[in-house]
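Architecture at a glance
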Amino acid sequence: MKLSHFQFNLPTELLAEFPAENRDESRLMVIDRKKGTIEHKTFKDVIDYFGDGDVMVLNNTKVFPARMFGNKEKTGARIEVFLLRELNAEQRLWDVLVDPARKIRIGNKLYFGDDDSLVAEVIDNTTSRGRTLRFLYDGSYDEFRRKLTELGETPIPKYINREVTEEDAERYQTIYAKEEGAVAAPTAGLHFSKHLLKRLEIKGVDFAEVTLHVGLGTFNPVEVEDLSKHKMDSEELKITQKACDIVNNAKAKKKKICVVGTTSMRAIESAVSSQRTLNTFDGWTNKFIFPPYDFSIADAMITNFHTPKSTLLMMVSAFCGHDLMRKAYDEAIKEGYKFYSYGDAMLII
């Protein structure tokens, strides 16, 4: 398929700027692939589709406060620094994006905090906006990380054109987030409340946790019409033996396996054995899933509504079937569903 197959007109008013009042009361579109039907529900109704022995695969990555603002030495210009990944803990080297980038060159220093208590020096240019920073801080590593957390803010997406709030710090995080390392939330998981998870557990649903640290590369625009030529950025992935056992035992018993989010799908499809079972994994994945694609493990998928031409939309199209997905998106727009990170949800069965 081509990039142009994933273009559609998305009214800007359907981009969700705030989360639903309650996590599990966002809207839910349910798509049955065999019947070709589309139903409209509330998210907490997902419990009606799963039972004893079924498995939900959750991405337990935790978003860290990756967006910081510093001042350039001498000029005092305000510079946004987006922390992407730690390159060397001992030397306090970080891979970052800076904005505006044209003002930031090797050798420049940036000062953070009202008291300039944290300083960073630019030591390399990596891309047009990418830089490598060395943070200069005298305290211990733990103190340094606390300082980054104190000075950083929740990295809500740029399309949300408002100030970050205290609510964002809680709501742009799944309730099962454990392993810090993501710069964007695995947003399908944002719809789960503690109460809903407990109800699913009481019903006998098992949970397999994987860790895929979501990077900004997930949202990079696809700039080639031939999708086979697009390269995904690598993201760190860990899948434990415990998660494999839960998934593989359920698969052997022909129970349903539902992945929560495109990141969870990308995780398990990066670690499939030749017998189409789940393997342990500890490394990086740059897997790009687009139609046509033969999925090995999941029978169901929970996902948000994605933006035009995005790699996330391409994966959903591969799982749902392109024509049915287009029909569902047309209906979502007509019915006023909210799109993107804080938007509504879709269950594909």
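See the structure printed just above.
What comes next concerns the included structure. (Residues numbered from 1 in each chain as written. Predicted model: local features only at pLDDT ≥ 70, side-chain atom pairs only at ≥ 80, totals over all residues. Heavy atoms only, no water.)

This part is about the pairing of strand β6 (residues 78-88). Of the pairings in the sheet, the one linking strand β5 (residues 67-72) to β6 comprises five bridges and is antiparallel in character. Looking at β6, one finds that Met68 is bridged to Val81. Counting the residues between successive antiparallel strands, the hairpin from β5 to β6 contains five residues, one of them, Lys74, with a positive phi of roughly 70°. Across seven bridges, β6 lies against strand β7 (residues 93-99) in antiparallel orientation. Within β7, the residue paired with Glu80 across the bridge is Asp99. The turn joining β6 and β7, which pair antiparallel and follow one another in sequence, is formed by four residues; a positive phi near 55° is taken by Arg92. (Pairing = 2+ DSSP bridges. Helix = DSSP H or I, 4+ residues; strand = E, 2+ residues; numbered from the N terminus.)

This next bit is on helix α4 (residues 241-252). The terminal C-alpha atoms of α4 lie 16 Å apart, and with 12 residues this matches the ideal 16 Å at 1.5 Å per residue to within 8%. Taken together, the buried positions of α4 are occupied by Ala243, Cys244, Val247, Asn248 and Ala250. Down the axis, α4 shows its buried residues gathered within 160° of arc, on one side only. α4 presents Lys242 and Ala252 as exposed residues on the side facing more than 90 degrees away from its buried surface. Residues of α4 that are buried sit in contact with β3 (55-59), β12 (206-212), β13 (235-239) and β14 (257-260). Following α4 by one or two positions, Lys254 has its phi on the positive side, about 60°. (Expected span 1.5 Å × (residues − 1). Buried < 20%, exposed > 50% of the residue type's maximum accessible area, 1.4 Å probe, protein only. Arc of directions from axis to C-beta. Contact = heavy atoms within 4.5 Å.)

Backbone-to-backbone hydrogen bonds pair the strands of a sheet. The strands run either parallel or antiparallel. Pairing is mixed across the open sheet formed by nine strands, whose spatial order is β2-β1-β17-β16-β14-β3-β12-β13-β15. In this open sheet, the two strands that pair with only one neighbour each are β2 (37-42) and β15 (281-285). Between one strand axis and the next, the sheet turns through 20° on average, direction left out of account. Both β14 and strand β16 (residues 300-304) contribute to a ladder of three bridges, which runs parallel. Paired with Val259 across the two strands is Met301, which belongs to β16. (Axes fitted to C-alpha atoms, helices over the stretch in contact; angles between N-to-C directions.)

What follows concerns the environment of Tyr329. With respect to the helices and strands, the residue Tyr329 is situated in helix α7 (residues 322-334). Judged by its relative accessible area of 2%, Tyr329 is buried. Once you skip the residues sitting within four places of it in the chain, Tyr329 turns out to touch Phe8, Asn304, Phe305, His306, Leu313, Phe339 and Met346.

Moving on: the pairing of strand β8 (residues 109-112). With burial as the criterion, only one face of β8 is covered, namely that bearing Leu110 and Phe112; the residues Lys109 and Tyr111 on the opposite face remain uncovered. Relative to β8, β5 runs antiparallel, the two being bridged by three bridges. Considered in β8, the bridge of Gly70 is made with Phe112. Of the pairings in the sheet, the one linking β8 to strand β9 (residues 118-125) comprises four bridges and is antiparallel in character. Note on β9: the bridge partner recorded for Lys109 is Glu121.

For the rest of this paragraph, the subject is the pattern of salt bridges. What the rule picks out here adds up to 13 salt bridges. Here Glu150 ties to Lys147 by a salt bridge, and the two come within 3.5 Å at their closest N and O atoms. Of the two residues, Glu150 and Lys147 both sit in helix α1 (residues 141-151), three residues apart, roughly one turn of that helix. Among the salt bridges present, the one from Asp226 reaches Lys229, with a minimum N-O distance of 3.1 Å. Salt bridges sharing common partners tie together Arg67, Glu80 and Lys158. (Salt bridge = Lys/Arg side-chain N within 4 Å of Asp/Glu carboxyl O.)

Of all hydrophobic cores here, the largest spans 65 residues; its most connected members are Met29, Phe339 and Met346. Of all hydrophobic cores here, the second largest spans 24 residues; its members include Ala77, Val96, Leu148 and Val183. (Core = buried A, V, L, I, M, F, W, Y, C linked by side-chain atoms within 4.5 Å.)

This part covers the side chain of Thr61. Here Thr61 is to be found in strand β4 (residues 61-63). On the basis of relative accessibility, which here comes to 0%, the residue Thr61 falls in the buried class. A polar contact is formed between the side chain of Thr61 and the side chain of His213, at a distance of 2.7 Å. The residues contacting Thr61, other than those within four sequence positions of it, are Gln173, Thr174, Ala177, Glu179, Gly181, Ala182, Pro186, Thr211, Leu212, His213 and Val214. (Polar contact = N/O pair within 3.5 Å; in protein donor to acceptor, adjacent residues only side chain to side chain.)

Attention shifts here to the sheet that holds β8. Strand order in this closed barrel of six strands is β5-β6-β7-β10-β9-β8, and the pairing throughout is antiparallel. With direction set aside, neighbouring strand axes in the sheet form an average angle of 45°. With six bridges joining them, β9 and strand β10 (residues 130-136) adopt antiparallel strand pairing. Counted as the bridge partner of Val122 is Leu133 from β10. Lying over the sheet, α1 contacts β5, β6, β7, β8, β9 and β10, oriented at roughly 90° with respect to β9.

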